[in-house]
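Fold and geometry: a report
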Amino acid sequence: DQQVKQNSPSLSVQEGRISILNCDYTNSMFDYFLWYKKYPAEGPTFLISISSIKDKNEDGRFTVFLNKSAKHLSLHIVPSQPGDSAVYFCAAVTGTASKLTFGTGTRLQVTL
Amino acid sequence: DAGVTQSPTHLIKTRGQQVTLRCSPKSGHDTVSWYQQALGQGPQFIFQYYEEEERQRGNFPDRFSGHQFPNYSSELNVNALLLGDSALYLCASSGPEAFFGQGTRLTVV
């Protein structure tokens with residue numbers, strides 16, 4: 001039972017354009033959502049998060065949007081840079097528990 | 001300040017053998033979680049240790065066990081290895097904005 005889903009396994013975007021990565025979840029108990037970025041041979045690195053009481057959180061080039069009614073969140077990267085090429089994981093948490101439930105990841109390739 | 005460190009980085013074991021993976025959390029972090037990432041999948045939560053006790057456990061069999069030491073470092077033990085245990089094993093300290101180590105790539109042949 002995949003509670004967090006990333007339906008696009010890969011995405012290719014030109015440098016300078018916007019990258020939009022999507023994530024859907026089914027468990028309504030999730031109340032905190034995170035995005036991680038992973039390069040090959042490295043562990044995931046925390047990127048940005050959002051609480052369920054908000055619908056938007058912004059940090060520099062990265063913005064996460066949350067639509068609770070649709071159980072959907074998205075990560076926007078503007079402008080996209082070649083160094084953003086990596087696998088992006090969406091993750092969710094319930095309450096004070098720090099167990100992360102991850103999606104399957106989206107491989108982003110930013111081309112010149 | 002060292003981040004989360006894991007050892008070894010790569011390991012090859014034979015079916016039926018036992019393996020121990022090690023993790024040192026980021027300085028000052030007292031909670032350690034272990035995840036298994038199979039090829040093409042996201043990390044799956046195995047268990048979490050806090051104050052030397054298992055606090056939460058994911059859907060993994062009893063062949064997977066762990067330990068946390070007084071200095072907060074942790075071990076993950078897997079007994080009776082199966083081919084399906086081949087994966088990247090990730091250790092994370094604190095959370096939920098967890099800091100991850102680079103992982104241990106376990107191959108079971």
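Please refer to the structure placed before this passage.
The structure presented is a predicted model; accordingly, all values stated were derived computationally and were not measured. (Residues numbered from 1 in each chain as written. Chains lettered and ligands numbered in written order. Predicted model: local features only at pLDDT ≥ 70, side-chain atom pairs only at ≥ 80, totals over all residues. Heavy atoms only, no water.)

**Some remarks on the sheet that holds strand E7 (residues 62–67) of chain A**
Residue and element names in this part refer to chain A. Reading across from one edge, E1-E3-E8-E7-E6 is the order of the five strands in this open sheet, with antiparallel pairing throughout. Edge positions in the sheet fall to strand E1 (4–5) and strand E6 (56–59), since each of these pairs with one other strand and no more. In the sheet, E6 pairs with E7 via four bridges, with the strands oriented antiparallel. Bridge pairing in E7 places Asn57 opposite Val64. (Pairing = 2+ DSSP bridges. Helix = DSSP H or I, 4+ residues; strand = E, 2+ residues; numbered from the N terminus.)

**With respect to the interface of chain B and chain A**
Every contact between the two is made by 19 residues of chain B and, on the other side, 19 residues of chain A. Three residues stand out in chain B for area buried against chain A, namely Pro96, Glu97 and Phe100 of chain B, and they jointly supply 33% of the buried area on that side. Linking chain B with chain A are four residue pairs in polar contact (both at pLDDT 80 or more), by the criterion used here. Mapped by element, the contributors of at least two residues to the side of chain B that touches chain A are strand E4 (31–37), strand E5 (44–50), strand E6 (53–57) and strand E9 (87–93) of chain B. (Contact = heavy atoms within 4.5 Å. Buried area = accessible area lost by both parts, 1.4 Å probe. Polar contact = N/O pair within 3.5 Å; in protein donor to acceptor, adjacent residues only side chain to side chain.)

**Description of the nonpolar core**
In this structure, Phe33, Trp35, Leu73, Leu75 and Tyr88 of chain A are the most contacted members of the largest nonpolar core, which totals 23 residues. Counting residues per element, the ones that place at least two in this core are strand E3 (19–25), strand E4 (32–38), strand E5 (45–51), E7, strand E8 (72–77), strand E9 (86–93) and strand E11 (106–111) of chain A. Counting residues per element, this core draws most heavily on E9 of chain A, which supplies four residues. Other than its neighbours up to four places away in sequence, Leu73 of chain A contacts Leu21, Asn22, Cys23, Tyr25, Phe33, Trp35, Val64, Phe65, Leu66 and Cys90 of chain A. The next biggest cluster of nonpolar side chains, apart from the first, holds 20 residues, and it includes Leu11, Val32, Phe47 and Leu106 of chain B. (Core = buried A, V, L, I, M, F, W, Y, C linked by side-chain atoms within 4.5 Å. Buried < 20%, exposed > 50% of the residue type's maximum accessible area, 1.4 Å probe, protein only.)

**Some remarks on the sheet that holds strand E8 (residues 74–78) of chain B**
Hydrogen bonds between backbone atoms are what pair the strands of a sheet, whose relative direction is either parallel or antiparallel. All names here are of chain B. Ordered in space as E1-E3-E8-E7, the four strands form an open sheet in which the pairing is antiparallel. The open sheet terminates on both sides in strands that have one partner only, identified here as strand E1 (5–7) and strand E7 (64–68). Within the sheet, the average angular offset between the axes of one strand and its neighbour, ignoring direction, is 20 degrees. Across five bridges, the pairing between strand E3 (residues 19–24) and E8 is antiparallel. Residue Thr20 lies in a different strand from E8, and its bridge partner there is Asn77. (Axes fitted to C-alpha atoms, helices over the stretch in contact; angles between N-to-C directions.)

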